[in-house]
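Spelled out, the chains give:
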Amino acid sequence: MKKLIVALIGTASILLAGLEVVAMESTNGISIGHENIHRSEYHNTDHRWGKKGVPIRQLLEEIVRQEKVKEDRTVPARELRVDINGLLRVNEDTRVKMSDRFRGHLASYLDIPKQYVDKLAEKDVELMAINFNRLLKAREPSEARLVRMLDGKARALMSDTYAVFDHCQLTRGVLQPLMDRGLSVASAQITETKLYLKFISDIEGRVGDDVIYAGLEIGNSEVGASTVYWKLLFARVACFNVS
């Protein structure tokens, strides 16, 4: 047991060293935890997210693609408008669809119940636009919001003081340093709301006949679904020998 603890502490030190750049860039809301994951399933299925991962090259290509096409606009809140077709008018030249998350952000900002807005989005888009526009027009001239857009869709409405920390910054800061320290990417996924990377180390310990490997999950959201976070993981390879 003592050897296991020493091995895990050693692995944790390597992992934490690789995260130094992330900790310096984003010091708010970093969370720490642990969970047990079967090592044999690290390469194809992530139990916590319930989704299959994607090859790391494919994930990085998607991050690069998004970095090229995404757009942020900081605009006075009272100048935002929703037309009768449910499109958001950011300015005279920019009209985009609203994601469900963006619509929820806008409803929350204007103190409109999300359930009511969702019902209008389905049954009466024009009435939804009237609700949004009347309350937007009443905002103070000094109020500004950050509109985050991707692929022709408004994906998040944030405060104009929101500290942007994007996926490209995260992968640039941690991917190569952790791989240089001997960790391998065990699972990776990017969705509309989150990015996560799971790494696993070859350093091992034992509990009886079972082998324990240490790993790390790092995650981020560009749309306010979470802060930058990291957590230690421990993968247990159970022995099922029958005598």
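Look up: the structure comes first, before these words.
Our subject in this report is the structure included herewith. The numbers attached to residues start from 1 for each chain and follow its sequence in the written order. A pLDDT threshold of at least 70 governs which residues receive local features in this predicted model, and a stricter bar of 80 or more applies before side-chain atom pairs are shown or counted, although totals over entire chains, interfaces and linings include all residues. The side-chain figures draw on all heavy atoms in the structure; neither hydrogens nor water molecules are used.

Focus: the side chain of Arg148
Note on placement: Arg148 falls in strand β8 (residues 144-150). Beyond its immediate stretch of four places on either side in the chain, Arg148 contacts Glu71, Asp72, Lys153, Ala154, Arg155, Ala156, Met158, Tyr162, Val164, Asp166 and Glu222. Here a strand is any run of E in DSSP of at least two residues, a helix any run of H or I of at least four, and the numbering for each starts at the N terminus. We call two residues in contact whenever any of their non-hydrogen atoms come within 4.5 Å of each other.

Structural notes on the pairing of strand β10 (residues 184-190)
Each regular strand carries side chains that alternate between the two faces of the sheet. Of all the seven residues making up β10, five are buried; the element is thus mostly covered by neighbouring parts of the structure. When β10 meets strand β11 (residues 195-207), the two strands line up antiparallel, connected through six bridges. Along β11, the bridge assignment pairs Ile190 with Leu195. Only protein chains enter the accessibility calculation, which uses a 1.4 Å probe; a residue whose area is less than 20% of its type maximum is buried, one above 50% is exposed, and one in between is partly exposed. Here the rule is simple: two strands pair whenever DSSP picks up at least two bridges between them.

Regarding the pattern of salt bridges
Throughout this description, the term salt bridge denotes a Lys or Arg side-chain nitrogen within 4 Å of a carboxyl oxygen of Asp or Glu. This model, assessed by the stated rule, comprises 16 salt bridges. Among the ionic pairs, Glu67 bridges to Lys70, the shortest N-O distance being 2.8 Å. Here Lys70 falls in the buried class, since its relative accessible area comes to 15%. Close ionic contact of Arg148 with Asp72 constitutes a salt bridge, the shortest N to O distance being 2.9 Å. In this pair, Arg148 sits in strand β8 while Asp72 sits in strand β4 (residues 71-76), placing the two residues 76 residues apart along the sequence. On the basis of relative accessibility, which here comes to 34%, the residue Asp72 falls in the partly exposed class. One salt-bridge network, in which partners are shared between bridges, spans Glu67, Lys70, Asp72, Arg148, Arg155, Asp166 and Glu222.

Looking at the layout of surface pockets
To locate leftover empty space, one rolls a probe as large as a water molecule over the atoms. Put simply, the grid is 1 Å and covers the protein atoms alone, a cavity is a trapped set of points that fit a 1.4 Å probe, a pocket is an open set with protein on both sides within 12 Å along at least five of seven lines, and lining residues have an atom within 4 Å of a point. Grid points are joined across faces, edges and corners, and a volume is the space filled by probe spheres set on the points. Considered as a void within the structure, the largest pocket measures approximately 340 Å³ in volume. Elements with a contribution of two residues or more to the lining of the largest pocket: α3 (56-69), α4 (100-109) and β9 (153-159). In terms of residue count, the dominant contributor to the lining of the largest pocket is α3 (three residues). Polar here means any residue other than Ala, Val, Leu, Ile, Met, Phe, Trp, Tyr, Cys and Pro, which are nonpolar, and Asp, Glu, Lys and Arg, which are charged; Gly is therefore polar. Split into classes, the residues belonging to the lining of the largest pocket amount to three nonpolar, five polar and nine charged.

As for the pairing of β8
For β8, a buried count of seven out of seven residues is recorded, marking the element as mostly surrounded by other parts of the structure. Burial along β8 is two-sided: the residues Ala144, Leu146, Arg148 and Leu150 and Arg145, Val147 and Met149 are all buried. Relative to β8, β4 runs antiparallel, the two being bridged by six bridges. By the bridge assignment for β8, Glu71 is matched with Met149. Bridging between β8 and β9 involves six bridges; their strand directions are antiparallel. Bridge assignment links Arg148 to a residue of β9, and that residue is Ala156. The turn linking β8 back onto β9 is made up of two residues, and Asp151 within it adopts a positive phi angle of 55 degrees.

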